[in-house]
Amino acid sequence: MTFKTMIALGGVVVFLIGSGSIVYYNRPVMDLPLPSDTPVATEEIATESPTPSPVANELPSQNPEPNAQVPVPAQPAEQIAPVQTAPTPVTPPAAPDPNSFSLADVAKHNSVSDCWSAIRGNVYNLTSWIERHPGGPQPIIGLCGKDGTALYEGAHGNAKRPASMLILLKIGSLK
Amino acid sequence: MHPLASRLVLRYSWALMFLWFGVEQLLAPTKWITYLPELTGYFPIPGIMFVRLNGWMEIVLAFALMLGIYTRFSALLLAIHLAGIAVTSGGAIGVRDATLATVGLAIAFDKPDPWTLDAKLDSKNT
């Protein structure tokens with residue numbers, strides 16, 4: 001292997017390491033909203049200590065006769081084991097559809113770092129698209145927190161490509 | 001002045017241009033996203049990542065050109081890259097970039113100047 005080839009290989013390695021680092025540190029991370037108001041069913045497990053048997057508490061020393069048999073309760077195992085009641089089913093209250101948002105919900109996400117928009121009756125999280133938009137970030141920033149149907153249709157009309165990208169960002173529908 | 005000094009100036013100035021643009025793209029990618037052609041919006045990678053990868057490639061190739069390692073190959077790659085930018089940009093910017101791309105072709109078509117590592121290693125071997 002010549003010196004020239006070694007330098008070229010070193011350059012290729014540096015290029016690959018740098019590219020890998022760029023891909024790793026700029027990778028997109030999904031940030032789907034979690035429905036916070038969804039009730040979580042929990043099992044109720046009885047943790048009460050069993051009622052102590054009065055007989056079990058009696059110490060042998062309390063018995064006047066050393067060799068006398070200590071009376072054994074009829075069913076000690078059942079009395080000592082913890083009582084486990086059946087889990088009470090939690091009936092969730094009529095929970096709202098977590099993927100259905102009002103315009104007021106959309107309006108809360110009106111910043112560059114958290115940008116939602118309602119377009120044609122659907123709600124989209126456009127945050128990750130702001131810096132990917134081929135036409136620059138400003139047109140997307142203008143949609144944040146509002147119904148952007150008119151602006152979107154004014155820019156793209158019924159074009160298929162923007163619509164195909166938009167559908168990937170959908171997070172729900174408008175109430 | 002050395003009769004081949006113009007080739008050194010040409011190679012270094014062209015490489016420094018890519019080095020500057022590459023560093024800028026790496027450090028402030030958001031400034032360059034607006035220059036991305038529309039088709040890159042359909043790539044499955046974020047715009048920032050695309051700009052940074054492009055900048056990193058330009059930096060590595062610019063260093064190769066400055067060192068003079070695989071000079072002709074590096075110059076050819078950068079010339080094709082710049083020609084691609086010229087085609088997607090179009091207009092006055094496209095004409096300027098296409099002209100700059102021909103500078104790279106001129107470097108690629110000629111044999112490496114005496115200050116390149118290529119020339120030094122070749123002269124040592126012969």
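Quick caveat: nothing in here was measured; it's all calculated off a predicted structure.

Enquirer: I'm lost on the pairing of strand E6 (residues 170–174) of chain A in this one. Help?
Expert: Two faces make up the sheet, and in a regular strand the side chains alternate between them. All names here are of chain A. With 2 bridges joining them, strand E1 (residues 100–101) and E6 adopt parallel strand pairing. What sits directly across from Ser100, in E6, is Ser173. By the bridge criterion, 3 bridges tie strand E4 (residues 122–125) to E6 in an arrangement that is antiparallel. If you follow Val123 over to E6, its bridge partner there is Gly172.

Enquirer: So what exactly am I meant to see when it comes to the pattern of salt bridges here?
Expert: Close approach of charged atoms allows side chains of opposite charge to pair. The final tally for this structure, using the stated rule, is 7 salt bridges over all chains. A salt bridge links Asp105(A) to Lys108(A), with the nearest nitrogen and oxygen atoms 3.7 Å apart. In this structure, the salt-bridge partner of Asp113(B) is Arg11(B), at a minimum N-O distance of 2.7 Å. Of this pair, Asp113(B) sits in the loop between helix H4 (91–109) and helix H5 (117–125) while Arg11(B) sits in helix H1 (residues 5–27), and the two are 102 residues apart along the sequence. Like Arg11(B), Asp113(B) is buried.

Enquirer: Whenever I open this one, the confidence of the model for chain A confuses me. Can you help?
Expert: Predicted coordinates in regions of low pLDDT should not be interpreted in detail. Scored by pLDDT, chain A comes out at a mean of 74, with 61% of its residues at no less than 70. Across residues 42–66 of chain A the pLDDT falls below 50, and counting only partners more than four positions away or on other chains, this stretch makes 19 contacts in the model.

Enquirer: Could you clarify how one ought to interpret the state of the cysteines in this entry?
Expert: In protein structure, a disulfide is the covalent linkage between the sulfur atoms of two cysteines. Residue and element names in this part refer to chain A. Applying the stated rule across the entire model yields 1 disulfide over all chains. The disulfide bridge from Cys115 ends at Cys144, spanning 2.0 Å between sulfur atoms. Handedness of the Cys115-Cys144 disulfide follows from its S-S torsion of about -95°: it is left-handed. In this pair, Cys115 sits in strand E3 (residues 114–119) while Cys144 sits in the loop between helix H4 (138–141) and strand E5 (146–147), placing the two residues 29 residues apart along the sequence.

Enquirer: Looking at this structure, how should I read the side chain of Thr116(B)?
Expert: All names here are of chain B. As for its placement among the helices and strands, Thr116 is situated in the loop between H4 and H5. When its relative accessible area of 0% is taken as the criterion, Thr116 is described as buried. Among the polar contacts listed, one links the side chain of Thr116 to the backbone nitrogen of Ala119, at a separation of 3.1 Å. Residues contacting Thr116, with those up to four places away along its chain left out, are Arg11, Leu67, Gly68 and Thr71.

Enquirer: I tried to follow the environment of His133(A) on my own but got confused; where do I start?
Expert: Residues and elements named next belong to chain A. Within the secondary structure layout, His133 lies in the loop between E4 and H4. Since its relative accessible area comes to 9%, His133 is described here as buried. The residues touching His133, leaving out its near neighbours within four places in the chain, are Pro139, Ile140 and His156.

Enquirer: Mind showing me how you'd approach the interface of chain B and chain A here?
Expert: Frequently, the measure chosen for interface size is the accessible area that the parts lose on association. Contact with chain B, which involves 25 residues of that partner, is made by 24 residues of chain A. Interface area, chain B with chain A, both sides summed: about 2,100 Å², of which 74% is carbon and sulfur. In terms of surface lost to chain A, no three residues of chain B exceed Tyr42(B), Met49(B) and Trp56(B), which account for 26% of the buried area on that side. At the boundary of chain B with chain A, the tally comes to 1 salt bridge. Between Asp118(B) and Lys4(A) there is a salt bridge, and its shortest N-O distance comes to 3.4 Å. Those elements that provide at least two residues to the side of chain B that touches chain A are helix H2 (47–67) and H5 of chain B. In terms of residue count, the dominant contributor to the side of chain B that touches chain A is H2(B) (8 residues).

Thresholds applied
Residues numbered from 1 in each chain as written. Chains lettered and ligands numbered in written order. Predicted model: local features only at pLDDT ≥ 70, side-chain atom pairs only at ≥ 80, totals over all residues. Heavy atoms only, no water. Pairing = 2+ DSSP bridges. Helix = DSSP H or I, 4+ residues; strand = E, 2+ residues; numbered from the N terminus. Salt bridge = Lys/Arg side-chain N within 4 Å of Asp/Glu carboxyl O. Buried < 20%, exposed > 50% of the residue type's maximum accessible area, 1.4 Å probe, protein only. pLDDT = per-residue confidence, 0-100. Contact = heavy atoms within 4.5 Å. Disulfide = S-S within 2.5 Å. Polar contact = N/O pair within 3.5 Å; in protein donor to acceptor, adjacent residues only side chain to side chain. Buried area = accessible area lost by both parts, 1.4 Å probe.

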